[in-house]
There are 2 protein chains.
Amino acid sequence: ASLHQHVERREEKTLQQQQDPPTYRCLVLTGHGGYDKVKLQVKKGLPALAKGDVLVRVKACGLNFADLMARQGLYDRLPPPPVTPGMECSGVLEALGEGVQERRVGDKVLVLHRCGLWQELVAVPANHTFLMPEGMSFEEAAAIPVNYISAYMMLFDFGNLRPHQSVLVHMAAGGVGIAAAQLCKTVEDVTVFGTASASKHEVISQGGVTHAIDYRSRDYVEEVRKLSPKGVDIVLDPLGGSDTQKAFNLLKPMGRVITYGAANLLTGPKKNLLAMAKMWYNQFSISALSLMQSTKGVCGFHLGYLDVESELVSSAMSKLLELYGQGKIEPRVDSTYHFEQVGDAMRRMQERRNIGKVILLPEPKKEEEAKKEEPKSEKTEETKKEEN
Amino acid sequence: ASLHQHVERREEKTLQQQQDPPTYRCLVLTGHGGYDKVKLQVKKGLPALAKGDVLVRVKACGLNFADLMARQGLYDRLPPPPVTPGMECSGVLEALGEGVQERRVGDKVLVLHRCGLWQELVAVPANHTFLMPEGMSFEEAAAIPVNYISAYMMLFDFGNLRPHQSVLVHMAAGGVGIAAAQLCKTVEDVTVFGTASASKHEVISQGGVTHAIDYRSRDYVEEVRKLSPKGVDIVLDPLGGSDTQKAFNLLKPMGRVITYGAANLLTGPKKNLLAMAKMWYNQFSISALSLMQSTKGVCGFHLGYLDVESELVSSAMSKLLELYGQGKIEPRVDSTYHFEQVGDAMRRMQERRNIGKVILLPEPKKEEEAKKEEPKSEKTEETKKEEN
């Protein structure tokens, strides 16, 4: 009977395909606000392939802080709604546009693009795709582009990280934090201070953090000073506001802070005017004279403001894939959510419950899976909480 | 008769030495103001040697922009007058303090110290001295510490200069400028834009500047943009004020400006209140958000604010002496002045007539030399002017 049903279904599908145009699922930001502003929609037809483009069947997408900011209307690199967010994904090439030489149908790729990747099918320039190495899963692949390229360029380009130096990594259990700690470990004798809530310390310590600091119960500045009275060489700062000033003060001479986010703005699901006012009031600003007298540097980084096709980005990606091949970096997937669960995915990240990357899957949630109440990793988290 | 006189003199000197305490010549900043504020004095006795110190018979001293600033009261790292300036010199060790193991009497050294080196005899910590390599003259040695360490740390530490990048070097005929262009040439295919007045272009082009720009007759921003529409990777900025903003705007994404001076303040021999007001008004200041949205960096550098004994400084010096041994850097001495001519030396630098380093010599000006009206290199400069 089962076989019979199966055959019937296939016939049905074939019939539908003949009658209806193809469709694909996508997430659309319909306006600025809470989690419900991102809606699952189904589009008809196929994304148009321009010259030099490839068509990717998306298997997994990455969720980033910038996506949370964008939903609240706090990220100016995303076009106004309605728009499909998503800066990174992995998938399989289904078609090649005119003039594409270096890709073949069937290639598995990582994709980095300004936006629009939270979609079952996407058309992107071929040079925004990178071939996935052997043995890499689609979830891992979707966890790499934004976090690892950011961490790599911040530490090795702006930061110029060298042996025996020290780095303070905030949100060390987040996507960039996990990547940064792993990359620090590729340099001899680097000391990594990592802030995260206590329940995440075990995981981040295994991942390369030398000194895990619980920023909720301790003053992280004092903790760092206790262990390293002269301060640190590099601070990666995703927080902004008064934390950028603290970072600057913690630097040794010749040290530099690299600011790459404004997580302090994200106090809840919706735009918080008080947090914005506080951020504005505490906005870090510095004069050339002060920089000279302290002999320090301040850099700003955001992958969203860099051309994806820039040589710097491609060269960072090549080096990262090499490090992956050598087993020196290992993307950590925190949890996976289907497109229909995007609100839960965003909430998990917003509430800082993730350890590593939150992944979105375009494929529909299967019924048996739908019966489970919570994704696996959230349960683990809750079990841990009970243990404490 | 000549021999007889000589013998008499020697006897006289020996007699004096027995009767009088030893003396040494030094330059003293007696107050803030014009060139006449630095006076030649003779001190009695010997500088006191503390534990770990060495006594250096100084052969040549370097003149720096910071010294000009200090004379005008614009440099806060020099103690208040009366005080002996001077951050670098070369000489021969005459005595060792208690506990000094790694130096011997007779060693020729380069010295880097916070101040006080414009003096015939100086006592400095042994770890502020570096052994002079074979074949280096005292004048060359005095031209190295401040300019080359600054250029090295700015380009390779903050700047993280790599092959195929581009650098804008202001005051390319100055001490740091000459050093920077030579150091850029040690990296494959680096494009150097150098600003200097037209009469200095030939020399700086030979020294490593790819495109010499006459900032007096041209808008240097336009000139750079013509040749490199996307901008440059690094700007070394000794000017300050509105030029720091121009530098920042000229950067490519991931580029950085390194500001290390305020030469725009030095419009003449005395403190210029209008220039100070203008500088203050045009003071470059930047917020974390602007840095992030442009994905650029701003660093401040001043060797005077770094500990001389820091590992970074020593390691830069070792590498520089290695490069010197390989013939890859070659300090360019612009002119030498005896202590009694320090006013002329400062004027030469103030009026931007030097190409390379201005050196001060502690030894008294000989009578036959005193008859000459101008130092040799100034004459050359004037001849050149007449030729133009």
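Only a predicted model underlies this, so the values are computations on that prediction, with no experimental measurement involved. (Residues numbered from 1 in each chain as written. Chains lettered and ligands numbered in written order. Predicted model: local features only at pLDDT ≥ 70, side-chain atom pairs only at ≥ 80, totals over all residues. Heavy atoms only, no water.)

Chemist: Just to check I follow, could you spell out the overall build of chain A for this structure?
Modeler: A tally of regular secondary structure across chain A gives 14 helices and 16 strands. Split into buried and exposed, the 388 residues of chain A put 56% on the buried side. Restricting the contact set of chain A to residue pairs at least 6 apart, pairs at least 24 apart contribute 69%. Per element, the accessible surface of chain A, about 17900 Å² overall, is 49% carbon and sulfur. (Helix = DSSP H or I, 4+ residues; strand = E, 2+ residues; numbered from the N terminus. Buried < 20%, exposed > 50% of the residue type's maximum accessible area, 1.4 Å probe, protein only. Contact = heavy atoms within 4.5 Å. Areas by Shrake-Rupley, 256 points an atom, 1.4 Å probe, with all protein chains shown as cover.)

Chemist: Just to check I follow, could you spell out the relation of the copies chain A and chain B for this structure?
Modeler: There are two copies of the chain, and a rotation about an axis plus a shift along that axis relates them. At an RMSD of 0.0 Å, chain A and chain B line up after a rotation of 180° and a shift of 0.0 Å along the axis. Seen this way, the second copy is the image of the first under a two-fold rotation axis. The share of interface residues of chain A whose copies in chain B are also at the interface is 100%, consistent with both copies meeting through the same surface. (Least-squares fit on C-alpha atoms with pLDDT ≥ 70 in both.)

Chemist: How should I be thinking about the environment of A:Gln72 in this particular structure?
Modeler: All names here are of chain A. Looking at where Gln72 falls in the secondary structure, it is placed in the loop between α2 (65-71) and β4 (88-96). Residue class for Gln72 comes out buried when judged on its relative accessible area of 2%. On a C-alpha basis, the gap between Gln72 and Pro269 in space is 7.7 Å, while along the polypeptide they are 197 residues apart. When near neighbours in sequence (up to four residues on either side) are disregarded, Gln72 contacts His32, Gly33, Leu266, Gly268, Pro269, Lys270, Lys271, Asn272 and Gln350. A polar contact of 2.8 Å, which involves the side chain of Gln72, links it to the backbone oxygen of Gly268. (Polar contact = N/O pair within 3.5 Å; in protein donor to acceptor, adjacent residues only side chain to side chain.)

Chemist: Quick question: what am I supposed to make of the confidence of the model for chain A here?
Modeler: Residues and elements named next belong to chain A. Per-residue pLDDT for chain A averages 90, and the proportion of residues at 70 or more is 89%. Ignoring residues within four places in sequence, the model shows residues 1-12, a span with pLDDT below 50, making zero contacts including any to other chains. Contacts for the low-pLDDT stretch residues 376-388, under 50 throughout, to residues beyond four places or in other chains number 14 contacts. The ipTM for the predicted assembly is 0.88, set against a pTM of 0.89. (pLDDT = per-residue confidence, 0-100.)

Chemist: Help me out: how do you make sense of the side chain of B:Asp243 in this one?
Modeler: Residues and elements named next belong to chain B. By secondary structure assignment, the location of Asp243 is in helix α8 (residues 242-250). Here Asp243 is buried and forms no salt bridge, its nearest opposite-charge partner Lys246 lying at an N-O distance of 4.2 Å. Polar contacts involving the side chain of Asp243 include one to the side chain of Asn264, which spans 2.9 Å. If we ignore the near neighbours within four places in the chain, the residues touching Asp243 are Tyr220, Asp237 and Asn264. (Lys, Arg positive; Asp, Glu negative; His and termini not counted. Salt bridge = Lys/Arg side-chain N within 4 Å of Asp/Glu carboxyl O.)

Chemist: What should I look at first to understand the side chain of B:Asn147 in this one?
Modeler: Residue and element names in this part refer to chain B. If you trace the backbone, Asn147 turns up in helix α4 (residues 145-158). A relative accessible area of 5% places Asn147 in the buried class. In this structure the side chain of Asn147 is engaged in a polar contact, spanning 3.1 Å, whose partner is the side chain of Lys357. Setting aside anything within four residues of it in sequence, one finds Asn147 in contact with Asn64, Glu88, Gly175, Val176, Ala179 and Lys357.

Chemist: For this particular structure, what's the right way to read the sheet that holds strand β12 (residues 251-259) of chain A?
Modeler: Pairing between sheet strands relies on hydrogen bonds along the backbone, with the strands arranged either parallel or antiparallel. The strand order across the open sheet built from 12 strands is β10(A)-β9(A)-β8(A)-β11(A)-β12(A)-β14(A)-β14(B)-β12(B)-β11(B)-β8(B)-β9(B)-β10(B), with neighbouring strands paired in mixed fashion. Bordering the open sheet on either side are β10 (211-213) of chain A together with β10 (211-213) of chain B, each of which pairs with just one other strand. Shown here is a sheet whose adjacent strand axes are inclined to one another by a mean of 15°, direction ignored. Judged from the three bridges that link them, strand β9 (residues 191-195) of chain B and β10(B) form a sheet pairing that is parallel. In the sheet register, B:Thr195 faces β10(B), and the bridge partner there is B:Ile213. Strands β8 (166-169), β9, β10 and β11 (232-237) of chain B of the sheet are contacted by helix α7 (residues 220-227) of chain B, whose axis makes an angle of about 160° with β10(B). (Pairing = 2+ DSSP bridges. Axes fitted to C-alpha atoms, helices over the stretch in contact; angles between N-to-C directions.)

Chemist: Can you help me understand the interface of chain A and chain B in this one?
Modeler: Where interface size is given, it is often the accessible area lost as the parts come together that is meant. Across the contact, 36 residues belong to chain A and 36 residues belong to chain B. Both faces considered, chain A and chain B share a buried interface measuring about 3000 Å² in area, 61% of it formed by carbon and sulfur atoms. In this structure, the connection of chain A to chain B is made through four salt bridges. Linking chain A to chain B there are 21 residue pairs in polar contact (both at pLDDT 80 or more). Secondary-structure elements contributing two or more residues to the side of chain A that touches chain B are α4 (145-158), β12, β13 (285-287), α10 (288-294) and β14 (297-300) of chain A. (Buried area = accessible area lost by both parts, 1.4 Å probe.)

Chemist: Could you clarify how one ought to interpret the packing of α4(A) against helix α11 (residues 311-325) of chain A in this entry?
Modeler: To describe two helices that pack against each other, one gives the angle between their axes and the distance between the axes. Residue and element names in this part refer to chain A. At their nearest, the axes of α4 and α11 sit 10 Å apart, and the two run at 105° to each other. What the angle tells us is that α4 and α11 run roughly perpendicular. In this structure, α4 contributes Pro145, Tyr148, Ile149, Tyr152, Met153 and Asp157 to the contact, and α11 contributes Leu312, Val313, Ala316, Met317, Lys319 and Leu320. Residues of the contact of α4 with α11, tallied by class, amount to 10 nonpolar, no polar and two charged. (Parallel < 35°, antiparallel > 145°, perpendicular 65-115°, else oblique. Nonpolar A, V, L, I, M, F, W, Y, C, P; charged D, E, K, R; others polar.)

Chemist: Please clarify how the pattern of salt bridges should be interpreted in this entry.
Modeler: All names here are of chain A. Counted under the stated rule, the structure contains 24 salt bridges over all chains. For Glu88, the salt bridge identified is with Lys357, shortest N-O distance 2.6 Å. Note that Glu88 is positioned in strand β4 and Lys357 in strand β16 (residues 357-361), a separation of 269 residues in sequence. Residue class for Glu88 comes out buried when judged on its relative accessible area of 0%.

Chemist: How should unusual backbone geometry be read in this particular structure?
Modeler: Residues and elements named next belong to chain A. The omega torsion of the bond from Pro81 to Pro82 falls at 0°, within 30 degrees of zero and hence cis. Assignment of secondary structure puts Pro82 in the loop between α2 and β4. One non-glycine residue, Asp189, lies in positive phi territory at about 55°. When you line up the elements, Asp189 lands in the loop between α5 (175-184) and β9 (191-195). By relative accessible area, Asp189 is classed as partly exposed at 48%.

Chemist: Explain the pairing of strand β16 (residues 357-361) of chain B to me, please; I cannot follow it from the model alone.
Modeler: On a regular strand, each side chain points to the face opposite its neighbour's, so the side chains alternate between the two faces of the sheet. Residue and element names in this part refer to chain B. Among the five residues in β16, five count as buried, and that is most of the element. Along β16, one buried face is formed by Lys357, Ile359 and Leu361 and the opposite face, lined by Val358 and Leu360, is buried too. Two strands pair when backbone bridges link them, and strand β3 (residues 53-62) and β16 are joined in this way by two bridges, in the antiparallel orientation. When the sheet's bridge partners are listed, Gly62 is paired in β16 with Ile359.

Chemist: Would you mind showing me how to read the packing of aromatic side chains here?
Modeler: Describing an aromatic ring pair means giving the distance of the ring centres and the angle of the ring planes. All names here are of chain A. Taken as a whole, this structure holds six aromatic pairs over all chains when the rule is applied. Taken together, a centroid distance of 4.9 Å and an interplanar angle of 65° make the contact between Tyr152 and Phe156 edge-to-face. One end of the pair is Tyr152 and the other is Phe156, both in helix α4 and four residues apart, which spans about a single turn. Judged by its relative accessible area of 14%, Tyr152 falls in the buried class. (Phe/Tyr/Trp six-rings, centres within 6.5 Å; stacked < 30°, edge-to-face > 60°.)

Chemist: How should α4(A) be read in this particular structure?
Modeler: Note: α-helices contain 3.6 residues per turn, so residues at a spacing of three or four share the same orientation. Residues and elements named next belong to chain A. When the terminal C-alpha atoms of α4 are compared, their 18 Å separation across 14 residues agrees well with the 20 Å that a helix rising 1.5 Å per residue should span. With 14 of 14 residues buried, α4 lies mostly within the body of the structure. Taken from the residues just after α4, Asn160 is the one with a positive phi, measuring 55°. (Expected span 1.5 Å × (residues − 1).)

Chemist: What am I meant to see in the pairing of strand β1 (residues 23-29) of chain A here?
Modeler: All names here are of chain A. In terms of burial, β1 is largely enclosed, as six of its seven residues are buried. Examined bridge by bridge, β1 and strand β2 (residues 38-44) share seven bridges and lie antiparallel to one another. Across the sheet, Leu27 pairs through a bridge with Leu40, a residue of β2.

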